[in-house]
Amino acid sequence: MTIINIGILYISFKKYWKPLYYSAFGFTWLIFLSWFLFKYENDVHFTLALSFLTIFFTIFYITFLSYKLIAKEKFNASDVVLLLINAFIFYGLGYNIFINNSNTDNLLGLFTIFNALIHFITAFVIYKQKLADKNLFHLLVGLVLTFITITIPVQLDGNWVSLLWAGEAAVLFLIGTQNNIKTYRNLSFPVMLLAFFSILQDWESYYYLFSHNQITAFVNIHFLTSLLFSFAFGIITYFSYKSIKNNSENNNVFGQIIKVSAIFIFLFSLYFTLRIEISNYWQQLYSGSEIIQQVEGNDYDITINNYDLLRFKSLFVIIFSMLFFSLLTIFNIKKTKNPILGGTNLIINLFTILIFLTQGLYILSILRTSYLDQPMEYYEAGAF
């Protein structure tokens, strides 16, 4: 197959027969994929599969670039599809080959970086030698950034994933807005979404960890990570606000979506970064107040907790929410003067005040009763 492919691709290039190139591309990957799915045995075919996977990828990659660089052919949508298919077949099959081998599953991150390096070298050579139009260069850079993005969860886990994705999104957005390169700015959007969903997953596992282990509120790695995550999106929000003065950007619908998304993620992450710490602080106090008492004449025990601590938890979250959104209101009035943010903030403020006037005042009345009547046998309700 390799020998035949080299001959076919040589003829298709010399005679400029692109249908021959397309058919060779399609049949080669179809045959290889069929063999890999039905005949591949990891212990027997590991080296064979990896070697010819790399050979086929390289042949088609070089041939594709030759058309663009030597023939000076214009870059179009079908070229994007072809290049992406070739790149992701190589990575997808290579990923499966590595992960199914117990001796190489720890090299997945290195293999992903290798993919990014291939496209980076190609993009660098094209840029330095000015061999092709900027569309091909930006596509290759996009592939580099894609594989770097994939490397993060492949090689790392936990908070580092969210933090690195947030940093990557910030870098892409800054390059795109400061140099007026829409490709980089647009690429930042999916990375923002990846970072956002990743931090939500981190918070879920963090809440479980907090409720089962003793962790100091506001002085722990999870809080620091969330704070740095918010800081990254704060930078994006700041430069997004500065670029609003550019009318061409204002008329760009996708650009506006990116900016609104960045502002939303920044405010959302900052609010919940602080709220989670407050909530978990009182939750840990509640868990620590547990008393196990044996019931006389029975074979089972009962568990008693200080439920006033849960009421303090709810009350402090409400007070924090009123403070946070009040400060946001003041900042918007004094600095940004954004009518959309102002309208949204007004709705949130009214909702927060409504919660305080209903749930908040009710909690205060219960805490007042606990202090006056001291109804709990095992806990003292102090003046606080």
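Note that this is a predicted model, so its numbers are computed, not measured.

Here is what the cut-offs are and how they apply
- Residues numbered from 1 in each chain as written.
- Predicted model: local features only at pLDDT ≥ 70, side-chain atom pairs only at ≥ 80, totals over all residues.
- Heavy atoms only, no water.
- Helix = DSSP H or I, 4+ residues; strand = E, 2+ residues; numbered from the N terminus.
- Rg over C-alpha atoms; globule rule 2.2 N^0.38 Å.
- Buried < 20%, exposed > 50% of the residue type's maximum accessible area, 1.4 Å probe, protein only.
- Contact = heavy atoms within 4.5 Å.
- Areas by Shrake-Rupley, 256 points an atom, 1.4 Å probe, with all protein chains shown as cover.
- Lys, Arg positive; Asp, Glu negative; His and termini not counted.
- Charge placed at Lys NZ, Arg CZ, Asp CG, Glu CD.
- Axes fitted to C-alpha atoms, helices over the stretch in contact; angles between N-to-C directions.
- Parallel < 35°, antiparallel > 145°, perpendicular 65-115°, else oblique.
- Left-handed = near helix turned anticlockwise from the far one by under 90°.
- Nonpolar A, V, L, I, M, F, W, Y, C, P; charged D, E, K, R; others polar.
- Core = buried A, V, L, I, M, F, W, Y, C linked by side-chain atoms within 4.5 Å.
- Phe/Tyr/Trp six-rings, centres within 6.5 Å; stacked < 30°, edge-to-face > 60°.
- Salt bridge = Lys/Arg side-chain N within 4 Å of Asp/Glu carboxyl O.
- Expected span 1.5 Å × (residues − 1).
- Patch = residues over 30% accessible without salt bridge, like charges linked within 9 Å, V, L, I, M, F, W, Y side chains within 5 Å.

Draft legend 1. The arrangement of the overall build of the protein in detail. The helix and strand inventory of the protein stands at 13 helices and 2 strands. By the compact-globule yardstick of 21 Å for 384 residues, the protein is too spread out, its C-alpha radius of gyration being 29 Å. Projected onto its principal axes, the C-alpha positions of the protein cover 95 × 65 × 25 Å. When each of the 384 residues of the protein is scored for burial, the buried share is 42%. For the protein, contacts bridging at least 24 residues in sequence account for 70% of all contacts bridging at least 6. For the protein, the exposed surface amounts to about 21,900 Å²; the carbon and sulfur share of it is 68%. Both charge centroids of the protein, one from 22 positive and one from 20 negative side chains, sit 29 Å from each other.

Draft legend 2. A look at the packing of helix α6 (residues 134-155) against helix α7 (residues 159-178). Their axes nearest at 8 Å, the elements α6 and α7 cross at an angle of 160°. The angle between the axes of α6 and α7 places the two elements in the roughly antiparallel class. Note that α6 runs across α7; the crossing there is right-handed. Here α6 contributes L145, T149, I152 and P153 to the contact with α7, which in turn contributes W160, V161, L164, W165, E168 and L172. Taken together, the residues of the contact of α6 with α7 break down into 8 nonpolar, 1 polar and 1 charged.

Draft legend 3. Representation of the nonpolar core in the model. Grouped together as the largest cluster of nonpolar side chains are 72 residues, with contacts concentrated most on W29, F60, I97, L140, M192, F233 and I236. Here the element with the most residues in this core is helix α3 (residues 42-69); it accounts for 13 residues. Every residue in contact with F60, bar those within four places of it in the chain, is listed here: N5, L9, Y21, A24, F25, T28, W29 and N86. With 15 residues, the next largest nonpolar core counts Y286, L309, L315 and L341 among its residues.

Draft legend 4. Quick peek at the packing of aromatic side chains. Tallying each qualifying case throughout the model produces 44 aromatic pairs. Where F196 meets F197, the ring centres are 5.7 Å apart and the plane angle is 55°; that geometry is what we call tilted. On the accessibility criterion, F196 (10% relative accessible area) is buried. Since its relative accessible area comes to 54%, F197 is described here as exposed. When the ring of F316 is compared with that of F384, the centres are 6.4 Å apart and the planes differ by 35°; the resulting orientation is tilted. With F316 in helix α12 (residues 308-336) and F384 in the segment after α13 (339-373), the pair connects residues that are 68 residues apart, well separated along the chain. In this structure F316 comes out as partly exposed when scored by relative accessible area, which is 29%. Residue class for F384 comes out exposed when judged on its relative accessible area of 68%. One aromatic cluster is present, built from ring pairs that chain together Y21, Y22, F25, W29, F32, W35, F36, Y40, F52, F56 and F60.

Draft legend 5. Expanded view of the pattern of salt bridges. Tallied over the full model, the rule gives 1 salt bridge. Ionic pairing is found between D308 and R311, a salt bridge with its closest N-O pair at 2.6 Å. With D308 and R311 both in helix α12 and 3 residues apart, this pair spans about one turn of that helix. Classification of R311 by relative accessible area gives partly exposed; the value is 27%.

Draft legend 6. Fine view of α7. Its 20 residues give α7 an end-to-end C-alpha distance of 29 Å, which sits within 8% of 28 Å, the value for a rise of 1.5 Å per residue. If you check which residues of α7 are buried, you get N159, V161, S162, L163, W165, A166, E168, A169, A170, L172, F173 and G176. N180 lies just past α7 and shows a positive phi near 55°.

Draft legend 7. Quick peek at the side chain of S240. Along the chain, S240 turns up in helix α9 (residues 221-243). Apart from the residues lying within four places of it in its own chain, the contact partners of S240 are F173 and K259.

Draft legend 8. Structural view of a nonpolar patch on the surface. Taken together, the side chains of L117, F120, I121, F124 and V125 present a nonpolar region at the surface, about 460 Å² in accessible area. Its location among the elements puts F124 in helix α5 (residues 108-129).

Treat this as a map of the structure, not an account of what it does.
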